[in-house]
Structures are given as structure tokens and as C-alpha cells.
Amino acid sequence: MMRRTLGTWGMKAVLLIAAVYFVVPIWWLIVSATKSSSDLFGSPPLWFGGSFDLFENLTSVFTHQGGLFSRWLLNTFFYAGVGAAGATLISAAAGYVLAKFIFRGRQLIFNSVLASILLPSSLLVMPLYLLFTQLGFINTIWAVLVPAFASPFGVFLARIYAADSVADELLDAARVDGAGEIRIFFTIALRVMGPALVTIYLFSFVGIWNNFFLPMVTLTSSELWPVTLGLFFWNSQPSQINYDLVVTGALVSTIPLIIAFIGLQRFWRADLTAGAVKM
């Protein structure tokens, strides 16, 4: 009994340390967004400064350089929303085919997908740059969207989930009723794979939202930049001190991610298909 109690308290201590580890940077970001540039370095890092300048900082962020931050934010919404939707649909289709259809080379394709997960995305930036130069995609939205549509992890997750959750009896019954494969995929498979699709969408959305290296290499026009690249540009200007703008802009850019997680969390239901097939 004593050993079990110690184990429980040990687990709680580990979870508490992990929670503090993840919460402290968010708290620092919130507190720093309320400070002026001078208070950022002249006050305690984890507590508020002498004045509460949050609203002044927000006004400065959205009016600096003619309100360019709003354009960066809209660009990021577009890249992340469209890119994640395309990656989710393509991953779902590829995973469903790899799970439910038998054809030559299926395992080789799946093994290639697994191997590609191990490749760091930054390693592909220069080959993509050379390819996009030939295709004329440099300094266009396609330089960000086309790579975003490819999600090896999404294909892996969709394949695993489709193999376990999409029952062959459902597919056979739909084929007997005369439904085609495309109709089966969109009306049955996608609905059954709902929780996995939400996970794929969120992971893709966050990955594209935080994308930095690829836009930096392929986008030259500031009007096409995502918010990550824009904040980096503000922070790297040697002639101006924009620490308050960068910190406040970083806080604003994290709010959509928090809303996305909270809003889509309710769709994570493991029992989505419970009772769909009578065993």
C-alpha cells in the first residue's frame, strides 16, 4: 500500500513538473506582451512591469508598416487552413487504399512512407527550391501549399486507423448495394475515420502554421510571408528595436492554435464507430 501511494505521488510530481515546463513559456509570453521595450529588460521576466501596455502593443502590432501584420496573419490562416485540409484528404485517401486494397507494391509504398517520416523537413527545402524554380512556383502561394499537401505521418496514421476501424463488412455491404469505390470512400470511410482525420488536420495545421524555413527560402515578397517569417524580419531589423512588437505578435499568433485545439477537441471520440458492425 505504501509503495502504491509513493508511486502515485511520484507520478503526480512528474506530471506537475511537465505542466510547469510547458506553462511557464506561455506565461512569460503573456506577461511580456503587457510590457514596453524598456520593461522587457528592466523588470522580472515572469511578472508584470511598471505599466500595462498590452493594448498599446496590440495597436502597434496591427498598425506597424501599414498593418502588414494583419496580412501576414491572413496569409498564415490561408496556408495552414488550405494546406491542412488538402493534406488530410490526401492522407485519408492514401491510407484507406493502403489499408483496404491489395495490390503489388503496397508494402513497399507503405515502407517508403515510414522512411520519409524520418527525414527532417529542412533537408528537403533546397531540392524543393530547385524544383520550384523550374516550375515557376518561387514567390507564389504554391511554394508553401504544394509541400504542405504531403504528410507522411498523416498517411501512416490514416492507414493504421482505417485498417482497424473501417470494417470490411461495411464496405462489402456498400458494394452489394451498388455503391462505387469513390462513393464508399467519401460517404463511409471518411466518416468512420473522423477522429484520425481531426488528428491529421491538427498536426498539419500546426506544422504549416509554424513553418519558417521553406517560406524564407521560396518567398521574397513580404505580402506573401506567413506570420513566422514576418516576426523574424521585425526582430532582425538592425535599425529598430521591435522587441515589444515581436513578443506581442507572437502572442497573437498563438491564439488561433489554442482555439483550433479547443474547438476540435470534442471530435476526438474513440467510440465513433461503436456498434457500427454487429459482431
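Residues numbered from 1 in each chain as written. Predicted model: local features only at pLDDT ≥ 70, side-chain atom pairs only at ≥ 80, totals over all residues. Heavy atoms only, no water.

**Examining the environment of Met193**
Within the secondary structure, Met193 sits in the loop between helix H10 (181-192) and helix H11 (194-209). With a relative accessible area of 0%, Met193 lands in the buried category. Excluding its chain neighbours within four sequence positions, the residues that come into contact with Met193 are Ala92, Ala158, Tyr161, Ala162 and Val166. (Helix = DSSP H or I, 4+ residues; strand = E, 2+ residues; numbered from the N terminus. Buried < 20%, exposed > 50% of the residue type's maximum accessible area, 1.4 Å probe, protein only. Contact = heavy atoms within 4.5 Å.)

**As for the confidence of the model for the protein**
Summing up the model confidence of the protein, the mean pLDDT is 86 and the portion of residues at 70 or higher is 92%. Note on residues 270-279: pLDDT under 50 across the span, and nine contacts to partners over four residues away in sequence or across chains. (pLDDT = per-residue confidence, 0-100.)

**Describing the side chain of Lys100**
On the secondary structure map, Lys100 appears in helix H4 (residues 68-100). On the accessibility criterion, Lys100 (17% relative accessible area) is buried. Excluding anything up to four places from it in sequence, Lys100 contacts Ala162, Ala163, Val166, Asp168 and Leu171.

**Quick look at the packing of H4 against helix H13 (residues 227-235)**
Packing of H4 against H13 brings their axes to within 8 Å, and their N-to-C directions diverge by 150°. Accordingly, the angle class assigned to the pair H4 and H13 is roughly antiparallel. Contact with H4, carried on its side by Phe69, Trp72, Leu73 and Thr76, involves Val227, Gly230, Leu231 and Trp234 of H13 and no other residues of that element. (Axes fitted to C-alpha atoms, helices over the stretch in contact; angles between N-to-C directions. Parallel < 35°, antiparallel > 145°, perpendicular 65-115°, else oblique.)

**Some words on the packing of H4 against H11**
Relative placement of two packed helices is described by the angle separating their axes and the distance separating the axes. Running from amino to carboxyl end, H4 crosses H11 at an angle of 145°, the nearest separation of the two axes being 8 Å. For the element pair H4 and H11, the recorded crossing hand is right-handed. Class assignment of the residues belonging to the contact of H4 with H11 gives a composition of 14 nonpolar, six polar and no charged. (Left-handed = near helix turned anticlockwise from the far one by under 90°. Nonpolar A, V, L, I, M, F, W, Y, C, P; charged D, E, K, R; others polar.)

**Describing the pattern of salt bridges**
For the coordinates displayed, the defined rule picks out three salt bridges. Two residues, Asp168 and Lys100, come together in a salt bridge whose shortest N-O distance is 3.0 Å. Placement of Asp168 in helix H9 (residues 168-176) and of Lys100 in helix H4 is noted, with a sequence separation of 68 residues between them. Put simply, Asp172 and Arg175 hold a salt bridge, and the shortest N to O gap is 3.3 Å. (Salt bridge = Lys/Arg side-chain N within 4 Å of Asp/Glu carboxyl O.)

**Structural notes on the packing of aromatic side chains**
In this structure the tally under the stated criterion is 22 aromatic pairs. Seen in terms of ring centroids, Phe205 and Trp209 are 5.7 Å apart; in terms of plane orientation they differ by 25°. Their pairing is stacked. Remark: Trp209 and Phe205 occur in helix H11; sequence separation between them is four residues, near one turn of the helix. By relative accessible area, Trp209 is classed as buried at 1%. An aromatic cluster is built from Phe62, Phe69, Trp72, Trp225, Phe233 and Trp234, whose rings are joined through pairwise contacts. The ring centre of Trp9 lies 5.0 Å from the NZ or CZ of Lys12, which sits over that ring. (Phe/Tyr/Trp six-rings, centres within 6.5 Å; stacked < 30°, edge-to-face > 60°. Lys NZ or Arg CZ within 6 Å of the ring centre and 35° of its normal.)

**A closer look at the layout of surface pockets**
Reported here for the largest pocket is a volume of approximately 840 Å³. Ser121, Pro147, Ala150, Ser151 and Pro152 are the residues nearest the centre of the largest pocket, which is lined by 26 residues in total. Where the lining of the largest pocket is concerned, the elements lending two or more residues are helix H5 (106-117), helix H6 (125-135), helix H7 (142-148), helix H8 (152-165), H11 and helix H12 (213-218). Taken together, the residues of the lining of the largest pocket break down into 18 nonpolar, eight polar and no charged. Looking at the lining of the second largest pocket, the elements with two or more residues in it are helix H1 (2-32) and helix H14 (243-264). Considering every element that reaches the lining of the second largest pocket, the biggest residue donor is H1, with six residues. (1 Å grid on protein atoms, 1.4 Å probe; cavity = no way out; pocket = protein on both sides within 12 Å on 5 of 7 lines; lining within 4 Å. Points joined across faces, edges and corners; volume = space filled by probe spheres on them.)

**Some remarks on unusual backbone geometry**
A positive phi angle, near 55°, is found at Gln65, a position not held by glycine. Within the element layout of this structure, Gln65 appears in the loop between helix H3 (54-63) and H4. Taking relative accessible area as the criterion, Gln65 reaches 37% and is therefore assigned partly exposed. Its identity is not glycine, yet Asn139 carries a phi of approximately 65°, on the positive side.

**A few points about the nonpolar core**
Ranked by size, the top nonpolar core spans 25 residues in total, and within it Phe69, Trp72, Tyr79, Trp209, Val227 and Trp234 carry the most contacts. Sorting the residues of this core by element identifies H4, H7, H11, H13 and H14 as the ones contributing at least two each. The element contributing the most residues to this core is H4, with seven residues. Formed by 17 residues, the second largest nonpolar core is a distinct cluster that contains Ala99, Ile184, Phe185 and Met193. (Core = buried A, V, L, I, M, F, W, Y, C linked by side-chain atoms within 4.5 Å.)

**Some words on H8**
The periodicity of an α-helix, 3.6 residues per turn, causes residues three or four places apart in sequence to face the same way. For H8, which comprises 14 residues, the first-to-last C-alpha distance of 20 Å matches the rise-based estimate of 20 Å (1.5 Å per residue) to within 8%. Looking only at H8, the buried set comprises Gly154, Val155, Ala158, Arg159, Ala162 and Ser165. Down the axis of H8, the buried side of the element spans an arc of 160°, and every buried residue falls inside it. Considering only its buried residues, H8 is in contact with H4, H5, H10 and H11. (Expected span 1.5 Å × (residues − 1). Arc of directions from axis to C-beta.)

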